[in-house]
Amino acid sequence: GDWSSDVCSSDLKIPETADPYSNEPSTWPWTPEISARKNEGFRLNSARDYVAATKVFEALHAESPRDPQVHQMLATLYSVLGRQQDSARELDWLRAAWRDQPGYWVGNALVQALREIGRWQECIDLSKDFLTRFPQAAEAWSAKAVADWQIGNIDPAVQAIERSIELRFDQIGRAHV
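Residue indices follow the written sequence of each chain, beginning from 1 at its first position. Given that the model is predicted, a residue must reach a pLDDT of at least 70 before its local features are reported, and side-chain atom pairs must reach 80 or more before they are shown or counted; all residues, however, enter totals for whole chains, interfaces and linings. Just so you know, side-chain values use all the structure's heavy atoms and leave hydrogens and water out.

Caption draft 1: Molecular detail of the overall build of the protein. In terms of regular secondary structure, the protein is built from eight helices and zero strands. The order of α-helices and β-strands along the protein, N terminus first, is α-α-α-α-α-α-α-α. Buried positions account for 43% of the 177 residues belonging to the protein. Between two residues, a contact is recorded if the distance between any of their heavy atoms is within 4.5 Å. Across the protein, every contact between residues at least 6 apart in sequence was considered, and the portion connecting residues at least 24 apart equals 61%. The helix count covers DSSP runs of H or I at least four residues long, the strand count covers runs of E at least two residues long, and both are numbered beginning at the N terminus. Residue burial is assigned from relative accessible area. The probe radius is 1.4 Å, only protein chains are included, and a residue is buried under 20% of its type maximum, exposed over 50%, and partly exposed in between.

Encoded structure:
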C-alpha cells in the first residue's frame, strides 16, 4: 500500500537525535529568526495549510535563496498544490547544487524532496550515492526504505528501515546522555 503518499516528513514525530552531521558546513545564512520562520512553515505544512506554508517558504527563499531545506519544502509544497513546473524548478536547483557541491545538507534535502514527491527510483538512486558519503544519515535511510517499498523492493526496504531505526536509536541515546 501507499502508506507515505500524503505524509510529509514534518508530519512525523521523531524524538530529538544527536545528528552526526550537524556540524557539516552550510553555504547559506542561518539566524534564529530564519529558523523560527522555518518552524512556522513546517507547522503549517503539518496542519495541511499548504498555501500558507508555501507563502512562508517563498518569503524565506527571497531572504535565503541558497538554503536547500527551503528548496526541499518548496518542491514538496508546489507538488502538493499541483504546481508541477515550480516543483520541477526547485528539484532542478537541488540537483544542480548536489552536482556542484555534494554536501550533507543539499543531498539530504534532495533525497527528502524526492521521497515526499514520490519520485521513487530517483530517490533510491540518489540515496545510494548520498549514503555512501553520509552512512549515518538516518533520515536518508528511511527515505530509501519508503522508496524501495513503493516499487516493491521489499528486502532492500526492510534493510534500509532497520538501518534507519538502528541509527535513530543510537542517535537518540547520544542526544539524551
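Here the narrative resumes.
Caption draft 2: Main features of unusual backbone geometry. A positive phi is found at R48, a non-glycine position, where the angle reads about 65°. Looking at where R48 falls in the secondary structure, it is placed in the loop between α1 (32–46) and α2 (50–63).

Caption draft 3: Representation of the packing of aromatic side chains in the model. Between 30 and 60 degrees the pair is tilted, below 30 it is stacked and above 60 it is edge-to-face, where a pair is any two Phe, Tyr or Trp rings, Trp via its six-membered ring, whose centres lie within 6.5 Å. In total, this model carries eight aromatic pairs according to the counting rule given. Taking the centre distance of 4.8 Å and the plane angle of 75° together, the rings of Y104 and W105 count as edge-to-face. Of the aromatic side chains, those joined through ring pairs into one cluster are Y21, W98, Y104, W105, F130 and F134.

Caption draft 4: The nonpolar core, seen in detail. Of all hydrophobic cores here, the largest spans 30 residues; its most connected members are L110, V111, F130 and A137. Among the elements of the structure, α4 (84–100), α5 (104–117), α6 (120–133), α7 (138–150) and α8 (154–175) are those that each provide at least two residues to this core. Leaving out residues up to four positions away in the same chain, L110 has contacts with L91, L94, R95, W98 and L126. Here the nonpolar core consists of buried residues drawn from Ala, Val, Leu, Ile, Met, Phe, Trp, Tyr and Cys, with membership extended through side-chain atoms lying within 4.5 Å. Listed in part, the 13 residues of the second largest apolar core include I34, V56, F57 and L60.

Caption draft 5: Fine view of helix α3 (residues 68–80). Helices are assigned an expected span. That span is 1.5 Å times one less than the residue count. Given a rise of 1.5 Å per residue, 13 residues ought to cover 18 Å, and the 18 Å separating the end C-alpha atoms of α3 matches this to within 8%. Where the residues of α3 are buried, they touch α1, α2, α4 and α5. Here a polar contact is recorded for every N or O atom pair within 3.5 Å, except that within protein the pair must consist of a potential hydrogen donor and a potential acceptor, and residues adjacent in sequence are included only if both atoms are side-chain atoms. Structurally, the start of α3 carries an N-cap: the backbone nitrogen of Q69 is 2.9 Å from a side-chain oxygen of D67. Among the residues trailing α3, G82 stands out with phi positive, at a value near 80°.

Caption draft 6: Structural context of the pattern of salt bridges. By convention in these notes, a salt bridge is any Lys or Arg side-chain nitrogen within 4 Å of a carboxyl oxygen on Asp or Glu. The full count for this structure, using the stated rule, is 14 salt bridges. The shortest N-O distance in the salt bridge between R37 and E63 comes to 2.6 Å. With R37 in helix α1 and E63 in helix α2, this pair connects stretches of sequence that are 26 residues apart. D148 is the salt-bridge partner of K144, the closest N and O atoms lying 2.5 Å from each other. With a gap of four residues between them, K144 and D148 both fall in helix α7, about one helical turn apart. The pair K144 / D148 is uniform in exposure class, with both members buried.

Caption draft 7: Here's a closer look at a nonpolar patch on the surface. The grouping of V51, V80 and L81 at the surface amounts to a nonpolar patch, some 220 Å² of accessible area in total. Position of L81 among the secondary structure elements: in the loop between α3 and α4. Note that patches include only residues with greater than 30% relative accessible area and no salt bridge, and the join distances are 9 Å for like charges and 5 Å for nonpolar side chains (Val, Leu, Ile, Met, Phe, Trp, Tyr). With residues, only the protein chains shown are counted as cover, and all accessible areas are computed by Shrake-Rupley using a 1.4 Å probe.

Caption draft 8: A look at the confidence of the model for the protein. How sure the predictor is of each residue is captured by pLDDT, a score from 0 to 100. On average, residues of the protein carry a pLDDT of 87, and 85% of them reach 70 or more. Scored below 50 in pLDDT, residues 1–17 makes 36 contacts in the model with residues more than four places away or belonging to other chains.

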